[in-house]
Amino acid sequence: MKPRLQIIVGSTRPTRFADKPLAWLLDRLSSRDDIDLDVLDLRDHPLALFNLALSPARTHREYPSEDVRRLGQAFDSADGYIMLTSEYNHGYPASLKNALDYVFVEFNHKPVSFVGYGNVGGARAIEQLRLVSIEFEMAPLRHAVHILPDVMRPAMMAEEFDLEIFAPLDERLEMLINDLTWWTNALKAARDAG
Ligand SMILES: Cc1cc2nc3c(=O)[nH]c(=O)nc-3n(C[C@H](O)[C@H](O)[C@H](O)COP(=O)(O)O)c2cc1C
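Residues numbered from 1 in each chain as written. Predicted model: local features only at pLDDT ≥ 70, side-chain atom pairs only at ≥ 80, totals over all residues. Heavy atoms only, no water.

A.B. asks: Any details on the overall build of the chain? Residues and values, ideally.
C.D. replies: Scanning the chain for helices and strands turns up 7 helices and 5 strands. Start at the N end of the chain and walk to the C end: the helices and strands fall as β-α-β-α-α-β-α-β-α-β-α-α. At 16 Å, the chain has a C-alpha radius of gyration in line with the 16 Å of a compact globule built from 194 residues. Each principal axis of the C-alpha atoms in the chain carries an extent, and together these give about 45 × 35 × 25 Å. Relative to its 194 residues, the chain shows a buried fraction of 49%. Within the chain, contacts between residues separated by at least 24 positions form 83% of all contacts whose residues are at least 6 apart in sequence. Surface exposure of the chain reaches about 9700 Å², of which carbon and sulfur atoms provide 52%. (Helix = DSSP H or I, 4+ residues; strand = E, 2+ residues; numbered from the N terminus. Rg over C-alpha atoms; globule rule 2.2 N^0.38 Å. Buried < 20%, exposed > 50% of the residue type's maximum accessible area, 1.4 Å probe, protein only. Contact = heavy atoms within 4.5 Å. Areas by Shrake-Rupley, 256 points an atom, 1.4 Å probe, with all protein chains shown as cover.)

What follows is the structure, given as structure tokens:
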């Protein structure tokens with residue numbers, strides 16, 4: 001069975017830029033026949049600000065509500081992740097942190113790569129997410145795609161958006177996906193072996 005990779009879309013703003021890099025990721029990655037690709041858009045998972053009595057690191061899959069169950073099961077269904085992140089005030093979006101805090105075991109022993117955008121390509125947000133991922137017992141990977149203003153600005157301003165604006169980043173994405181697929185297969189085999 002092919003490994004299932006999930007793109008987690010961190011921004012939920014109505015006017016978000018995230019949809020443009022998401023369209024590019026889907027265009028470039030959906031042709032690969034060695035992975036199944038899925039999108040988890042946090043807009044589809046409106047959640048209360050974290051309010052659980054106990055840490056999900058202790059309760060595991062005892063979901064307290066239907067909203068949290070839907071989120072947890074969606075995360076659970078993937079073998080590896082690409083977090084697509086914006087950067088707000090040098091950090092990753094609160095919408096993403098809030099969703100992550102609702103789960104724990106769903107992410108254990110799975111790899112995660114990052115695509116970020118902003119003035120420094122989301123680098124500060126991604127560095128923070130790498131630290132957070134370690135707490136989830138994930139394997140955060142080195143290869144990332146940083147969408148800097150030379151690409152982000154034309155993509156934002158374009159009257160008619162053209163995916164090819166992101167073409168200079170294709171090679172970086174290729175490295176990311178090859179590495180993520182390797183780790184996803186390796187860790188899935190290890191998890192399956194118990
Ligand atoms: C509250 C706020 C804070 C921001 N802080 C940063 C920042 O620290 N670094 C950065 O590169 N861009 C920053 N930006 C600009 C964002 O990169 C830009 O708005 C981007 O479109 C946000 O992603 P989104 O549209 O997908 O939500 C900030 C934007 C907002 C709304």
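A.B. asks: Go over unusual backbone geometry, please, and point to the residues and values.
C.D. replies: Residues other than glycine predominantly adopt negative phi, and peptide bonds predominantly adopt the trans conformation. Not every positive phi belongs to a glycine, and His90 is a case in point at roughly 65°. One can find His90 in the loop between β3 (80-85) and α4 (94-101). Note on His90: relative accessible area 45%, which makes it partly exposed. One non-glycine residue, Glu137, lies in positive phi territory at about 55°. With respect to the secondary-structure elements, Glu137 resides in the loop between α5 (123-135) and β5 (139-147). Of the residues examined, Glu137 reaches a relative accessible area of 39% and is grouped as partly exposed.

A.B. asks: Quick rundown of the site of the ligand? Include the residues and the values.
C.D. replies: Around the ligand, 16 residues are found, and the nearest of them are Ser11, Arg13, Tyr88, Tyr117 and Asn119. The contact in question runs from an oxygen atom of the ligand to an N or O atom on the side chain of Ser11, over 2.7 Å. Broken down by class, the residue content of the shell around the ligand amounts to 6 nonpolar, 6 polar and 4 charged. (Near = heavy atom within 4 Å. Polar contact = N/O pair within 3.5 Å; in protein donor to acceptor, adjacent residues only side chain to side chain. Nonpolar A, V, L, I, M, F, W, Y, C, P; charged D, E, K, R; others polar.)

A.B. asks: Outline the environment of Ala186, listing residues and values.
C.D. replies: Topologically, Ala186 is positioned in helix α7 (residues 170-192). Between the C-alpha atoms of Ala186 and Pro111, which are 75 residues apart in sequence, the distance is 9.6 Å.

A.B. asks: How would you explain the packing of aromatic side chains if you had to name every residue and give the values?
C.D. replies: Applying the stated criterion to the full structure yields 10 aromatic pairs. Summarising the aromatic geometry, the rings of Phe107 and Phe136 are spaced 5.4 Å apart at their centres and angled 85° between planes, so their arrangement reads as edge-to-face. Residue Phe107 is located in the loop between α4 and β4 (111-117), and its partner Phe136 is located in the loop between α5 and β5; the two are separated by 29 residues in the primary sequence. Like Phe136, Phe107 is buried. (Phe/Tyr/Trp six-rings, centres within 6.5 Å; stacked < 30°, edge-to-face > 60°.)

A.B. asks: How would you summarise the nonpolar core if you had to cite specific residues and measurements?
C.D. replies: If you look at soluble globular proteins, the nonpolar side chains tend to sit buried side by side. Among the nonpolar cores identified, the biggest contains 29 residues, and Leu71, Phe75, Tyr81, Leu100 and Phe107 are the most heavily contacted of them. At the level of secondary structure, the elements contributing two or more residues to this core comprise α3 (66-76), β3, α4, β4 and α5. What Leu100 contacts, discounting residues up to four positions off in sequence, is Met83, Phe107, Leu129, Val132 and Phe136. Formed by 26 residues, the second largest nonpolar core is a distinct cluster that contains Val9, Phe17, Leu25 and Leu84. (Core = buried A, V, L, I, M, F, W, Y, C linked by side-chain atoms within 4.5 Å.)

A.B. asks: Describe the side chain of Arg28, and please don't skip the residues or the numbers.
C.D. replies: Here Arg28 is to be found in helix α1 (residues 19-29). A relative accessible area of 19% means that Arg28 is categorised as buried. Within polar-contact distance, the side chain of Arg28 engages the side chain of Asp27 at 2.6 Å. Sequence-distant contacts of Arg28, defined by excluding residues within four places in its chain, comprise Leu163, Glu164, Ala167, Asp170 and Leu173.

A.B. asks: I'd love a proper account of the side chain of Asp179, names of residues and values included.
C.D. replies: Looking at the element boundaries, Asp179 is found in helix α7. Buried charged residue Asp179 carries no salt bridge. Nearest counter-charge: Arg142, at 7.7 Å. Those residues in contact with Asp179, other than ones at most four positions away along the chain, are Leu141 and His143. (Lys, Arg positive; Asp, Glu negative; His and termini not counted. Salt bridge = Lys/Arg side-chain N within 4 Å of Asp/Glu carboxyl O.)

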